[in-house]
Amino acid sequence: QPRLVESGGGLVQPGGSLSLSCKAPGVGLRSYAIGWFRQAPGKEREGVSCISSDDDATFYEDSVKGRFTISRDDAKNTMYLQMNNLKVDDTAVYLCNAGADNWGQGTQVTVSS
């Protein structure tokens, strides 16, 4: 049973934007390094972006640098991924993660004209 709940995926044209959210009922996100992963059909799951738990340093996979922004709202126990200038290659199921065992069910992002 997924412990995190993503939302915000959808269909967008190349160059468009989407904002993903990940709520964590019962999981204190502040205690974990948190991040977003994605998995495209026929490909392995890859890390997209993460925030460290101690100093909130952010990290981005090279192909999304300058286009995606990860953030967290501790008061709402929610993490976000703002995705701008989306490309066809960004099409995938996006999953949020907190620590080793806390995953969401995934939300589909499709970039197509």
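Our subject is the structure that appears above.
Model, not experiment: these values are computed from the prediction.

A. Region of the structure containing the pattern of salt bridges. For the structure on display, the rule yields nine salt bridges. With a closest N to O distance of 3.6 Å, Asp 56 and Arg 72 form a salt bridge. Placement of Asp 56 in the loop between strand S5 (46-51) and strand S6 (58-60) and of Arg 72 in strand S7 (residues 68-73) is noted, with a sequence separation of 16 residues between them. Looking at Arg 72, the relative accessible area reads 16%, which means it is buried. Between Asp 74 and Arg 72 there is a salt bridge whose closest N-O contact spans 3.2 Å. Judged by its relative accessible area of 38%, Asp 74 falls in the partly exposed class. Connected via shared salt-bridge partners are Arg 38, Glu 46, Glu 61, Arg 67 and Asp 90.

What counts and what doesn't
Positions within a chain are numbered from 1, following the residues in the order the chain's sequence is written. Residues qualify for local features only when their pLDDT is at least 70, as the model is predicted, and side-chain atom pairs are given and counted only at 80 or more; totals for whole chains, interfaces and linings, by contrast, use all residues. Side-chain descriptors were evaluated using all non-hydrogen atoms of the structure, hydrogens and water having been removed beforehand. Any carboxyl oxygen of Asp or Glu that lies within 4 Å of a side-chain nitrogen of Lys or Arg is treated as forming a salt bridge with it. For the purposes of this entry, the term helix denotes a DSSP run of H or I that reaches at least four residues, the term strand denotes a run of E that reaches at least two, and both are numbered from the N terminus. Here's how the labels work: a residue is buried when its accessible area is under 20% of the maximum for its type, exposed when over 50%, partly exposed in between, all with a 1.4 Å probe on protein chains only.

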